[in-house]
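Secondary and tertiary structure notes
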Amino acid sequence: MTSKFIPLLLSATLLFSLNCKNDDDDNSSQQEAKVQCDSSNTTFNKLYISLVTPTNLGIAPTLDLVAHSYTFSVTANKTICKVGYQSVPAMSSTPYLIEIYDNTSASILYSGSHTFSSTATSYATITPVAIQTGHSYTIKRIQNNYASSIVNTIGRLISNSTYPVIYGDLKITGSSFYGTGGPVNNNSIPYIDIVFE
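Since the model is a prediction, treat every value here as computed from it, not as a measurement.

This part covers the sheet that holds strand 2 (residues 78-85). If you walk across this open sheet you meet the 3 strands as 5-2-12, and the pairing is antiparallel. A strand with exactly one partner marks an edge of an open sheet, and here the two such strands are strand 5 (122-131) and strand 12 (193-196). Between one strand axis and the next, the sheet turns through 30° on average, direction left out of account. Across 4 bridges, strand 2 lies against strand 12 in antiparallel orientation.

In C-alpha cells, the structure reads:
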C-alpha cells in the first residue's frame, strides 16, 4: 500500500508545483504589461526637464489660446499608450480634446476627450497609437469649453525657440498655439506628455 501511495503523492506535488509556476508566470506577465506603459519618468518629461534653467522654469500656466500643440518625430518605432496633462483648476472636471495627427499621411490617429487633475500631471490611457520613423506627428490639447473665460485655456509650457529639441528617441520639431487668437508658433513647448510602451 505504501508503494502505491508514494507515486500518487509525488504526482500531486508535481502538479501543484506546475500550477504554482503558471500562476507566477501570469503575475510576471501582468507586471511586465504594467511596466510597459510606465508614466513615471517618460522621455517627454526628460526632454522638458532638460530645457529647465534658473531663468526658464516652465511652470506657470500661460497662453490663453484654445489649442496647444507640438510637432514631433521618433528615431525608433514606438507606440503611444497614455497621454498626460495637468488642467487648470477651473477645468478639472471639463474634458480636454486630445488629438494625435500624422502629418505625413494627413490622418488623425487618435481623438478622445479626457479630464485631468489640476494639482499634478495625470494620465489617460488611450487606444494604442503606433508611430514610426520617417513620419511627422502633431499632438494637440484643445479646450473649446472654457466656461466663457478664455483664461481657462492656459496651460503649462516652457519657453523654447530653438528646434529641433532631441532627447533619446523623441525629437520635437516645432509648436503652435492658436484659437481665438494667434497663431503663436515655435516659442514654447506645451506640457502634453506622451507615454511610449
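Before going further, it helps to spend a moment on the environment of Tyr 110. When you line up the elements, Tyr 110 lands in strand 4 (residues 107-114). The exposure class assigned to Tyr 110 is buried, which follows from its relative accessible area of 10%. Considered as a pair, Tyr 110 and Glu 99 are 11 residues apart in the sequence and their alpha carbons are 5.4 Å apart. If we ignore the near neighbours within four places in the chain, the residues touching Tyr 110 are Ile 98, Glu 99, Ile 100, Ile 126, Thr 127 and Val 129. Polar contacts involving the side chain of Tyr 110 include one to the side chain of His 114, which spans 2.6 Å.

This part covers the nonpolar core. Counting 34 residues, the largest nonpolar core has Phe 44, Tyr 70, Phe 72, Ile 80, Ile 139, Ile 189 and Ile 194 as the members making the most contacts within it. Secondary structure elements with two or more residues in this core: helix 2 (43-50), strand 1 (67-74), strand 2, strand 3 (96-102), strand 5, strand 6 (137-142), strand 9 (170-178) and strand 12. Residue contributions to this core peak at 4 residues, all from strand 5. Residues in contact with Ile 139, not counting those within four places in the same chain, are His 68, Ser 69, Tyr 70, Phe 72, Val 83, Ile 98, Glu 99, Ile 100, Ile 192 and Ile 194.

This brings us to the side chain of Ser 188. Positionally, Ser 188 belongs in strand 11 (residues 188-190). Under the relative-accessibility criterion, Ser 188 is labelled buried at 4%. A distance of 3.2 Å separates a polar atom in the side chain of Ser 188 from a polar atom in the side chain of Asn 187. Setting aside residues up to four positions removed in sequence, Ser 188 forms contacts with Leu 157, Ile 158, Ser 159, Asn 160, Tyr 163, Ser 175 and Phe 177.

What follows deals with the packing of aromatic side chains. All told, the structure shown has 9 aromatic pairs when counted by the stated rule. Residues Phe 44 and Tyr 70 carry aromatic rings whose centres are separated by 5.3 Å and whose planes lie at 10° to one another, so their mutual orientation is stacked. Taken together, the positions of Phe 44 in helix 2 and Tyr 70 in strand 1 put the pair 26 residues apart, joining distant regions of the chain. Taken as a pair, Phe 44 and Tyr 70 share a single burial class, namely buried.

By the secondary structure assignment, Pro 183 is in the loop between strand 9 and strand 10 (184-185). Pro 183 gets classed as exposed once you look at its relative accessible area, which sits at 55%. Sequence separation between Pro 183 and Ala 67 is 116 residues, and the spatial gap between their C-alpha atoms is 9.4 Å. Excluding anything up to four places from it in sequence, Pro 183 contacts Ser 176, Phe 177 and Tyr 178.

Criteria and cut-off values
- Chains are numbered independently. Their residues run from 1 in the order of the written sequence.
- Given that the model is predicted, a residue must reach a pLDDT of at least 70 before its local features are reported, and side-chain atom pairs must reach 80 or more before they are shown or counted; all residues, however, enter totals for whole chains, interfaces and linings.
- Each side-chain value is derived from all of the structure's non-hydrogen atoms; neither hydrogens nor water enter the calculation.
- Should DSSP find at least two bridges between two strands, the strands are regarded as paired.
- Strands are runs of DSSP state E lasting at least two residues, helices are runs of H or I lasting at least four, and both sets are numbered from the N terminus onward.
- Orientation is described by axes fitted as lines to C-alpha atoms, over the contacting stretch for helices, and by angles from 0 to 180 degrees between their N-to-C directions.
- The classification of residues rests on relative accessible area computed with a 1.4 Å probe and restricted to protein chains. Under 20% of the type maximum is buried, over 50% is exposed, and intermediate values are partly exposed.
- Contacts are residue-level and defined by heavy atoms, with any inter-residue pair within 4.5 Å sufficient.
- Any pair of N or O atoms that falls within 3.5 Å is considered a polar contact. Within protein, one atom must be able to donate a hydrogen and the other to accept it, and sequence-neighbouring residues count only if both atoms are side-chain atoms.
- We call a set of buried Ala, Val, Leu, Ile, Met, Phe, Trp, Tyr and Cys residues a nonpolar core when their side-chain atoms join them within 4.5 Å.
- Note on ring pairs: Phe, Tyr and Trp rings are taken, using the six-membered ring of Trp, and paired if centres are within 6.5 Å. Classes follow the plane angle, with under 30 degrees stacked, over 60 edge-to-face and the rest tilted.

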